[in-house]
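Residue-level listing of the chains:
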Amino acid sequence: MPDAPDVPDGPTGQPLWHGRFADGPSDELLAFTVSLGFDRRLARDDLEGSRAHVRMLGAVGLLDDADVAAVLVALDTVESELAENCFVFVPTDEDVHTAIERRVIEIAGDAGARLHTGRSRNDQVATDLRLWVRRAGRDAASRTHSFQETLLRLAEECGGDAYLPGYTHLQRAQPVLLAHHLLAHFWALARDVERWRDALARADVSPLGAGALAGSSLPIDPDHTAQALGFARRFENSIDAVSDRDFVAEALFVLALEQVHLSRLGEEIVLWASDEFAFLGLADSHSTGSSMLPHKKNPDIAELARGKAGRVIGDLTGFLATLKGLPLAYNRDLQEDKEPLFDAVETCALSLSALQGLLETATFNFEAMRAAADEPATAATDLAEHLVRGGTPFREAHAIVGNLVRQSAERGVPLEELVMTEPRLGPDALALLEPGEAVRQRTTPGGGGPDALGAQLSAARACLVEQLTWLEG
Ligand code: ARG
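Figured I'd write up the structure that's included with this text. (Residues numbered from 1 in each chain as written. Predicted model: local features only at pLDDT ≥ 70, side-chain atom pairs only at ≥ 80, totals over all residues. Heavy atoms only, no water.)

### Description of helix H3 (residues 43-59)
Phase 1: The end-to-end C-alpha distance of H3, which contains 17 residues, comes to 24 Å, matching closely the 24 Å that a straight helix rising 1.5 Å per residue would cover.
Phase 2: Within H3, 13 of the 17 residues are buried, leaving the element largely enclosed by the surrounding structure.
Phase 3: Following H3 by one or two positions, Gly 61 adopts a phi angle in the positive range, close to 85 degrees. (Helix = DSSP H or I, 4+ residues; strand = E, 2+ residues; numbered from the N terminus. Expected span 1.5 Å × (residues − 1). Buried < 20%, exposed > 50% of the residue type's maximum accessible area, 1.4 Å probe, protein only.)

### A word on empty space enclosed by the protein
Phase 1: Applying the stated criterion across every chain yields a total of four cavities of 30 Å³ or more.
Phase 2: Empty space within the largest cavity amounts to approximately 70 Å³.
Phase 3: What lines the largest cavity is a set of 15 residues, among which Ala 373, Asp 374, Thr 378, Glu 434 and Ala 438 lie closest to the centre.
Phase 4: Split by residue class, the lining of the largest cavity holds nine nonpolar, two polar and four charged.
Phase 5: As a volume, the second largest cavity reaches approximately 60 Å³.
Phase 6: Taken together, His 181, Leu 182, His 185, Leu 265, Glu 268, Ile 269, Trp 272, Leu 280, Leu 359 and Phe 364 make up the lining of the second largest cavity.
Phase 7: If you list the elements that add at least two residues to the lining of the second largest cavity, you get helix H8 (178-203) and helix H11 (246-272).
Phase 8: For the lining of the second largest cavity, the element with the most residues is H11, which contributes four residues. (1 Å grid on protein atoms, 1.4 Å probe; cavity = no way out; pocket = protein on both sides within 12 Å on 5 of 7 lines; lining within 4 Å. Points joined across faces, edges and corners; volume = space filled by probe spheres on them. Nonpolar A, V, L, I, M, F, W, Y, C, P; charged D, E, K, R; others polar.)

### Description of the site of the ligand
Phase 1: Surrounding the ligand, one finds Ser 35, Asp 95, Arg 121, Asn 122, Val 125, Tyr 330, Arg 332, Gln 335 and Lys 338.
Phase 2: With respect to the ligand, the side chain of Asn 122 contributes an N or O atom lying 3.1 Å from a nitrogen atom.
Phase 3: In the model, an oxygen atom of the ligand is placed 2.3 Å from a nitrogen or oxygen of the Tyr 330 side chain.
Phase 4: In isolation the ligand offers 340 Å² of accessible surface; the protein chains occlude 85% of this area.
Phase 5: Ranked by the residues each element gives to the shell around the ligand, the list is headed by helix H7 (residues 121-158), at three residues.
Phase 6: Of the residues that constitute the shell around the ligand, the class distribution is two nonpolar, three polar and four charged. (Near = heavy atom within 4 Å. Polar contact = N/O pair within 3.5 Å; in protein donor to acceptor, adjacent residues only side chain to side chain. Areas by Shrake-Rupley, 256 points an atom, 1.4 Å probe, with all protein chains shown as cover.)

Set out below in structure tokens:
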């Protein structure tokens, strides 16, 4: 997040609402209430909203063509001044909306002073933020999509050969293909993209035309602006339009859950990169050293992806706490919607690209994975299922094999030897302990073995194609 804007160097003006006030605002008031430091990000959306609003004012006859044209020219000037970094903010610019309107008035005079006709900052700021969320949400979904592409490519590359132990309770459970494990993360992220689509569809409502809270006595046309801004529809209730920040809360939830997904992936990378697992080697470019311990190579990206989940969850819960006590309609508390949202969007975007780079440059240690997965005990379930195929009830088969594993551990006898001496298992059972056999035995749809992988890879590919259709639409 950039530093708060310093007290601007331009001429000291008056607030746009100065009429009611005999005295100007105190320094403390300005220092505490000004939101320019963070809401400058909304400049582009504010310009878009103002263009739609002024065209609507022209269309309904509240402004003549000359005034509309003058305001549009002024808005273009503001846009270039902002782009060229020569827009001069003044201390009484409370926020980017006020700053832009003030400048439009300076440039276009009376025509500029007509821009805010039938509009309040309450519907203006809600509109601008929805426009911003629409862009940011699509961008976040597109970054997620790109991350999924990396996971799918890695899964395709390691294909049906590379396998590792799958874990439950962080204890070796059953071997699975590495591709299968990577795709588990792919599907979590696919749901994040789905959640973006869902949340953005609900956010697709224009609040512009709600005014301060109750609409207007002037013949403004909220449908006109809704359509011009590309919203699916306008608000049904002007109070709800200016009070509703569900779209911010939902975006924050999507981001918090997505960051939780990245955190869980980060945790696995941390484990896999340890000497204890040694499943993953990190590229120098995507790991860090220690200031004191010369031998260290640390997985800081993965740790921060994990650590930052706390921060994004905080963005969500903090904002929900802001909302919970608010009466209808607009309250200045709602200005607190922006920083958590911007922070969560930026944090998640940075986490995605750093983790993506880490995965693209890391090397999987297939040997270490295979060695860990070929430990005979990970085939215990297959031995039990072998008995089941011969007619033994599963619970009994479980006990028989469990007993063999216990004896193997207690007496230090290899499981293979005990399997050979167990008549109920028979001579075929030994083949189940062959290296790689346990993963080949995972044959069911959606399961972790090579038989099922092809279908899953196709489904993942189709998911990306479908996402792309939406992203490009
Ligand atoms: N900067 C404010 C916000 O983000 C703008 C709205 C202020 N409206 C008002 N009536 N004081 O919420």
